[in-house]
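Geometric and topological summary
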Amino acid sequence: MDLSTHFPIWDKLTPAQQKIISQSSQSRSVPRGTVLHNGSVDCLGLLLILSGQLRAYIISDEGREITLYRLFERDVCIFSASCVMSNIQFEVIIEAEKDSDVIVLPPHVYKKLMEESAVVANFSNQIMGSRFTEVMWLIEQIMWKSFDKRLAAFLVEESILDNTDALKITHEKIANHLGTAREVVTRMLRYFQSEGLVKLSRGIIELTDKKRLEEISE
């Protein structure tokens, strides 16, 4: 298992620390839809994403989901190891959006490294800061940006991620990403269709005017 290309601070670690990480880390292949981490009920450890795509989201008391951020190849997921950080409690769920390969560093090993290494501690703080920035950006979008702009931006982003203008995604799934009701998504998509921006069919949303969608999202 070559961690040097997937652990951003690998070259700054001591040989002893590199050995500990190499010996204790485990690789996992997870199929799409797998929940890797379920809030505070478990503590998976630090995740290094080798390939695929993960989704971090929360669920409201009413059962409504909203996506906080996504993780891609070479990203690091730290909130799956939140139990090792004092005063940090996040009910974040981590799910594989696509078939993914990850490396898991057990929480007790990661905690020991954070306590012993200023490099690891600083790296952890940087990752947390980056994720909090993404969450704050999301809050700003929800509070200040109209839903048509948010939906347009989501459709364009999905098109880029999947490299296609024909998105195989349900209205329910979009609602889960954007933290709203399925009916709200359906109404706006039908409006987009009436404006010639998309074409709706069973299980597929085809982007027929991506340029205008990009303009709306801005």
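Everything below is about the structure shown above.
Summary of the structure given here. (Residues numbered from 1 in each chain as written. Predicted model: local features only at pLDDT ≥ 70, side-chain atom pairs only at ≥ 80, totals over all residues. Heavy atoms only, no water.)

**Digging into the sheet that holds strand β1 (residues 26–30)**
- Ordered in space as β1-β8-β3-β6, the four strands form an open sheet in which the pairing is antiparallel. Pairing within the sheet leaves two strands with one partner each, and these edge strands are β1 and β6 (76–77).
- In terms of strand pairing, strand β3 (residues 46–51) meets β6 through two bridges, oriented antiparallel. When the sheet's bridge partners are listed, Leu47 is paired in β6 with Cys77. (Pairing = 2+ DSSP bridges. Helix = DSSP H or I, 4+ residues; strand = E, 2+ residues; numbered from the N terminus.)

**Some thoughts on the sheet that holds strand β2 (residues 35–38)**
- In spatial order, the strands read β2-β7-β4-β5; together these four strands make up an open sheet with antiparallel pairing. On the outer flanks of this sheet lie β2 and β5 (65–71), each paired with one strand and no other. Direction aside, the axes of adjacent strands within the sheet are offset by 20° on average.
- When strand β4 (residues 54–59) meets strand β7 (residues 93–96), the two strands line up antiparallel, connected through four bridges. Across the sheet, the residue bridging to Ala56 is Ile94, located in β7. (Axes fitted to C-alpha atoms, helices over the stretch in contact; angles between N-to-C directions.)

**Describing unusual backbone geometry**
- Phi angles above zero are rare outside glycine, and Arg74 is one such case at about 75°.
- Looking at where Arg74 falls in the secondary structure, it is placed in the loop between β5 and β6.
- Given the relative accessible area of 45%, Arg74 is considered partly exposed. (Buried < 20%, exposed > 50% of the residue type's maximum accessible area, 1.4 Å probe, protein only.)

**Description of the packing of aromatic side chains**
- Summed over all chains, the structure comprises three aromatic pairs.
- Pairing Phe79 with Phe132 gives two aromatic rings, centres 5.9 Å apart and planes at 75°, and the pair type is edge-to-face. Of this pair, Phe79 sits in the loop between β6 and β7 while Phe132 sits in helix α3 (residues 118–144), and the two are 53 residues apart along the sequence.
- Residue Phe132 is classed as partly exposed on the basis of its relative accessible area of 35%.
- Ring centres of Tyr191 and Phe192 lie 6.3 Å apart, and the angle between their planes is 45°; on these two criteria the pair is classed as tilted.
- Residue Tyr191 is classed as partly exposed on the basis of its relative accessible area, which comes to 43%.
- One residue, Arg55, lies across the ring of Tyr57, its end atom 4.0 Å from the ring centre.
- Seen from the ring of Tyr69, Arg131 lies directly overhead, with NZ or CZ sitting 4.9 Å from the centre. (Phe/Tyr/Trp six-rings, centres within 6.5 Å; stacked < 30°, edge-to-face > 60°. Lys NZ or Arg CZ within 6 Å of the ring centre and 35° of its normal.)

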